[in-house]
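A closer look at the structure
Here are the chains, one letter per residue:
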Amino acid sequence: MTPLVAAAHELKAPLALVRQLALRLGDDKLTTAERQRLLHQTVLTTERALRLTSDLTKAARLDSAMFQLEPINPDQLCRDVVSELQPLFAAYGRSVAVKGRRHPLLLVANRDLLRRILLGFSDNALHYSQPGTAVHLQIQAFKKSGVVRVGVRDFGPALSSDMWRTLQKKLETAPQTIHARPESSGLGLYIASQFADAMNGRIGAVRHKDGATFYVELQASNQLSFL
Amino acid sequence: MTRVLLVEDDAWLAEVEASIITDAGYEVQIAPHAPAAIELVDSFKPEIIVLDVLLAGSTAFALLNELQSYSDTGMVPVVLCTNIADQFDAKKLKEYGVMRVVDKTTMYPEDLIAAIRSVE
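Residues numbered from 1 in each chain as written. Chains lettered and ligands numbered in written order. Predicted model: local features only at pLDDT ≥ 70, side-chain atom pairs only at ≥ 80, totals over all residues. Heavy atoms only, no water.

Our next topic: the overall build of chain B. For chain B, the helix and strand inventory stands at five helices and five strands. Put simply, chain B runs from its N terminus to its C terminus through helices and strands in the order β-α-β-α-β-α-β-α-β-α. Taking 14 Å as the expected radius of gyration for a compact globule of 120 residues, we find that chain B reaches 13 Å, a close match to that expectation. Along the three orthogonal principal directions, the C-alpha set of chain B runs to about 30 × 30 × 25 Å. When each of the 120 residues of chain B is scored for burial, the buried share is 54%. Restricting to contacts in chain B with at least 6 residues of sequence separation, those with at least 24 account for 61%. Split by element, the accessible area of chain B, about 5,300 Å² in all, is 51% carbon and sulfur. Charge-centre separation for chain B: the mean point of 8 positive side chains lies 9 Å from the mean point of 20 negative side chains. (Helix = DSSP H or I, 4+ residues; strand = E, 2+ residues; numbered from the N terminus. Rg over C-alpha atoms; globule rule 2.2 N^0.38 Å. Buried < 20%, exposed > 50% of the residue type's maximum accessible area, 1.4 Å probe, protein only. Contact = heavy atoms within 4.5 Å. Areas by Shrake-Rupley, 256 points an atom, 1.4 Å probe, with all protein chains shown as cover. Lys, Arg positive; Asp, Glu negative; His and termini not counted. Charge placed at Lys NZ, Arg CZ, Asp CG, Glu CD.)

Moving on to empty space enclosed by the protein. Enumeration according to the criterion identifies two cavities of 30 Å³ or more in this entry. As a volume, the largest cavity reaches approximately 940 Å³. In terms of lining, the largest cavity is formed by 42 residues, of which the most central are A:E10, A:P14, A:R48, A:D123 and A:H127. Among the elements of the structure, α1 (3-25), α2 (32-60), α4 (111-128) and α6 (187-198) of chain A are those that each provide at least two residues to the lining of the largest cavity. No other element matches α4(A), which puts nine residues into the lining of the largest cavity. Residues belonging to the lining of the largest cavity are distributed by class as follows: 21 nonpolar, nine polar and twelve charged. Estimates place the volume of the second largest cavity at around 70 Å³. Along its surface, the second largest cavity is lined by A:R48, A:Y92, A:R94, A:L126, A:H127, B:D9, B:D10 and B:A11. (1 Å grid on protein atoms, 1.4 Å probe; cavity = no way out; pocket = protein on both sides within 12 Å on 5 of 7 lines; lining within 4 Å. Points joined across faces, edges and corners; volume = space filled by probe spheres on them. Nonpolar A, V, L, I, M, F, W, Y, C, P; charged D, E, K, R; others polar.)

With 26 residues of chain B at the contact, the number on the chain A side is 26 residues. Both faces combined, the contact of chain B with chain A buries some 2,200 Å², and carbon together with sulfur accounts for 61% of it. Where chain B touches chain A, the interface holds two salt bridges. Counting across the chain B and chain A interface gives nine residue pairs in polar contact (both at pLDDT 80 or more). With eight residues, the top contributor of residues to the side of chain B that touches chain A is helix α1 (residues 11-23) of chain B. Residues that form the side of chain B that touches chain A fall into these classes: twelve nonpolar, eight polar and six charged. (Buried area = accessible area lost by both parts, 1.4 Å probe. Salt bridge = Lys/Arg side-chain N within 4 Å of Asp/Glu carboxyl O. Polar contact = N/O pair within 3.5 Å; in protein donor to acceptor, adjacent residues only side chain to side chain.)

A word on the pairing of strand β4 (residues 78-82) of chain B. Residues and elements named next belong to chain B. The buried count for β4 comes to five of five residues, which makes it a mostly enclosed element. Every second residue of β4 is oriented toward a common face, with V78, L80 and T82 on one face and V79 and C81 on the other, all of them buried. Relative to β4, strand β3 (residues 48-51) runs parallel, the two being bridged by three bridges. Bridge pairing in β4 links I49 to V78. (Pairing = 2+ DSSP bridges.)

Attention now goes to the sheet that holds strand β1 (residues 3-7) of chain B. Residue and element names in this part refer to chain B. Spatially, the five strands line up as an open sheet ordered β2-β1-β3-β4-β5, and their pairing is parallel. Edge positions in the sheet fall to β2 (27-31) and β5 (98-103), since each has one partner strand and no second. The sheet shows a mean angle of 20 degrees between the axes of neighbouring strands, direction not considered. Taken strand by strand, helix α5 (residues 109-119) contacts β1, β3, β4 and β5, and its axis lies near 175 degrees from that of β5. (Axes fitted to C-alpha atoms, helices over the stretch in contact; angles between N-to-C directions.)

So, about unusual backbone geometry. Of note, the phi angle at A:N200 is positive, near 60 degrees, even though the residue is not glycine. If you trace the backbone, A:N200 turns up in the loop between α6 and β6 (202-208). Since its relative accessible area comes to 57%, A:N200 is described here as exposed. You will see that B:K45, though not glycine, has its phi angle at about 50 degrees, which is positive. Positionally, B:K45 belongs in the loop between α2 (34-43) and β3.

Residues and elements named next belong to chain A. Put simply, α2 and α6 touch, their axes get as near as 10 Å, and they point 40 degrees apart. The orientation of α2 relative to α6 falls into the category oblique. For α2 against α6, the interelement crossing comes out left-handed. Residues L52, D55, L56, K58 and A59 of α2 lie in contact with α6, whose contacting residues are L187, I191 and F195. For the contact of α2 with α6, the class distribution of residues is six nonpolar, no polar and two charged. (Parallel < 35°, antiparallel > 145°, perpendicular 65-115°, else oblique. Left-handed = near helix turned anticlockwise from the far one by under 90°.)

For the rest of this paragraph, the subject is the packing of α2(B) against helix α3 (residues 60-68) of chain B. Residues and elements named next belong to chain B. Axis separation between α2 and α3 bottoms out at 10 Å; the angle between their running directions is 25 degrees. For the element pair α2 / α3, the angle class is roughly parallel. In the packing of α2 onto α3, the handedness of the crossing is right-handed. Residues A34, A37, I38 and V41 of α2 lie in contact with α3, whose contacting residues are L63, E66 and L67.

See below:
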């Protein structure tokens, strides 16, 4: 599947949903509260689709653009991402939170690209998590290798062994279109791997019996010693 | 009241479709993924299944294979409701118990109800 076909595939679902929500809004019997809820869902779904189009544009311009890499506090960035996503998660009856060290190692990244990766992983986690569960943004430092891992953990149906093998194979050969999960074209992971590559990092995944963690690993910053 | 099991992993789309089906006089239960659908097949005993293809965890075909492997569940008519309707051959899908295919990207509420009524 080419990125263009994958993009069309990924945009089909939110567009179809927006259309159905709009058709439902035409029902005269709806209460004001029901109508407002449908409108809210329409806005949030449109925003999700727009995020994807913005990421696609950014990914297409990666080669020609210069990205400033700087020391970043991953905990603060994760908290910003959580604040941004909370309305969407609440509307779906789920929550999102940061788990991990309050004062982690700084990492070297481009703030905008890392934010986009985490938004993408979180969006994916929202889709796969069970109602009432929380999605966790987790930070882990590997001091020996000088790497900081920022992951997004969901609690949903486990990936089958076949799907897991496929995912691992695709992750090893990234950047390519990666089939993350059955109904995914893998475009989100493809974009994330492009963004991670631009920051000299890499993406990966961990399978759990009750969900999965998708993560990005980036170089730890040496500036820690000055803090 | 005819019992309809709706298997759809998008919670908001499931709500909209369930409202449409309920308004048309059917009893509806929603399963967000294949394992939940299997449980509801046993407890809710649906007379019709409306099934999305691309589900979290496994595809609809894993569920269809499971349903076809038992004589009672294999008889339950299935309406496939999908964003990728153009990728299927309706004749081949009959082997899986799929009687109708509805394209989610172009369907109107009455199309979904017409498809359900046609397999009752």
